[in-house]
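Topology and contacts: notes
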Amino acid sequence: MPTAGDPAPRVSLHLLGGFRLLHDDVPVVVPRGLQRVIALIGLRPAATRSHLAGLLWPETSEDRALSSLRTALWRLRQDPCCPLRTDGDTVRLDPTVHLDVDELVTTADRVRDGEVPRGAAGDGRHDLLPGWYDDWVLLERERLRQLRLHMLEELAGNHLAAGRHGEALEAALEAMAAEPLRETPHRLVVRIHLAEGNAFEAVHAFYVYRDLLLRELRLEPSPAMCALLDETLAPIRRASRREAPPRRADRTNAPGRPTGPAPRGSTAPTTPHPR
């Protein structure tokens, strides 16, 4: 039992990659039904009791949903590791509880302000509560996924602007791994290779993405993506045109002659001999 002189226990709630509640780094066993209550309160700290009840039990009446929420909160308060605090009509996590989702949001805010926090590329790598399919989970999962994608792209852009090409490439590849068909990280990869003077790598990255897009969606890269390589490929295209072998002379393709075969049953006109 902790005494008055002992430091307060560290409680952390992890929702990225799966539900985990830790008390001084020791996992706390929480029934699945109560996991849903804790997770939702962590994600919606300003929600009222009626709002929480409606999200947790959407198919029941409001009175019954509120009754279920009161029972769930009573059960959680019986545990000395309860991470919740009641504040009037709202229930929120205790301020001392560390939430991994908050860490991702804070890192994204810092990157948006132009900072480059150490290890930011690895933050939020795992999906929110995988295997959970409540509507509120799906909404929050997509919100955090988009937040991380934009954070990684901004991080890559910040590194690129500062000339830190290795770090820029790391962040862009993280975004690419999170969403392989998204064009923005592929465009960043091409820009980074061009900034380093690696024309081959840039052209290779472009065509890898183009092939993927054609195969999966039957689409071509955007004009903005294609424009990145226009200057790089222009000399190659000019050289290809200069070295292209002349076409063999063909009577049917001579100026003033028809280019297609003669109609069936007709005789193709012949060129008169000079007298």
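Only a predicted model underlies this, so the values are computations on that prediction, with no experimental measurement involved. (Residues numbered from 1 in each chain as written. Predicted model: local features only at pLDDT ≥ 70, side-chain atom pairs only at ≥ 80, totals over all residues. Heavy atoms only, no water.)

1. What to know about the confidence of the model for the chain
On average, residues of the chain score 86 in pLDDT, and 83% of them are at 70 or above. Looking at the elements of the chain, mean pLDDT is at its lowest for helix H10 (residues 230–243), recorded as 72, and at its highest for helix H7 (residues 183–196), recorded as 97. Contacts of residues 250–275 to residues separated by more than four positions or lying in other chains number eight contacts, the stretch itself having pLDDT below 50. (pLDDT = per-residue confidence, 0-100. Helix = DSSP H or I, 4+ residues; strand = E, 2+ residues; numbered from the N terminus. Contact = heavy atoms within 4.5 Å.)

2. Let's talk about the pattern of salt bridges
Overall, the coordinates contain 14 salt bridges when judged by the stated rule. Measuring nitrogen to oxygen at the nearest pair gives 3.8 Å for the salt bridge that ties Arg215 to Glu216. What you see here is one network of salt bridges that share partners, running through Arg44, Glu140 and Arg143. (Salt bridge = Lys/Arg side-chain N within 4 Å of Asp/Glu carboxyl O.)

3. Quick look at the pairing of strand E4 (residues 84–87)
Where E4 and strand E5 (residues 90–93) come together, four bridges link them in antiparallel fashion. Across the sheet, residue Arg85 finds its bridge partner in E5, namely Arg92. As consecutive antiparallel partners, E4 and E5 are separated by two residues, and within that stretch Gly88 has a phi angle of approximately 65°, a positive value. (Pairing = 2+ DSSP bridges.)

4. Structural notes on the environment of His159
With respect to the helices, strands and loops of the structure, His159 is situated in helix H5 (residues 135–161). When the C-alpha positions of His159 and Ile192 are compared, they lie 9.7 Å apart, and in sequence the two are 33 residues distant. Not counting residues within four places of it along the chain, the set of residues in contact with His159 comprises Val116, Arg164, Glu167 and Ala168.

5. A closer look at unusual backbone geometry
With a phi angle near 55°, Asp24 is a residue other than glycine that sits in the positive phi range. You can see Asp24 is positioned in the loop between strand E2 (20–23) and strand E3 (26–27). Of the residues examined, Asp24 reaches a relative accessible area of 43% and is grouped as partly exposed. Even without glycine at this site, Asp25 takes up a positive phi of about 65°. Position of Asp25 relative to the elements: it lies in the loop between E2 and E3. (Buried < 20%, exposed > 50% of the residue type's maximum accessible area, 1.4 Å probe, protein only.)

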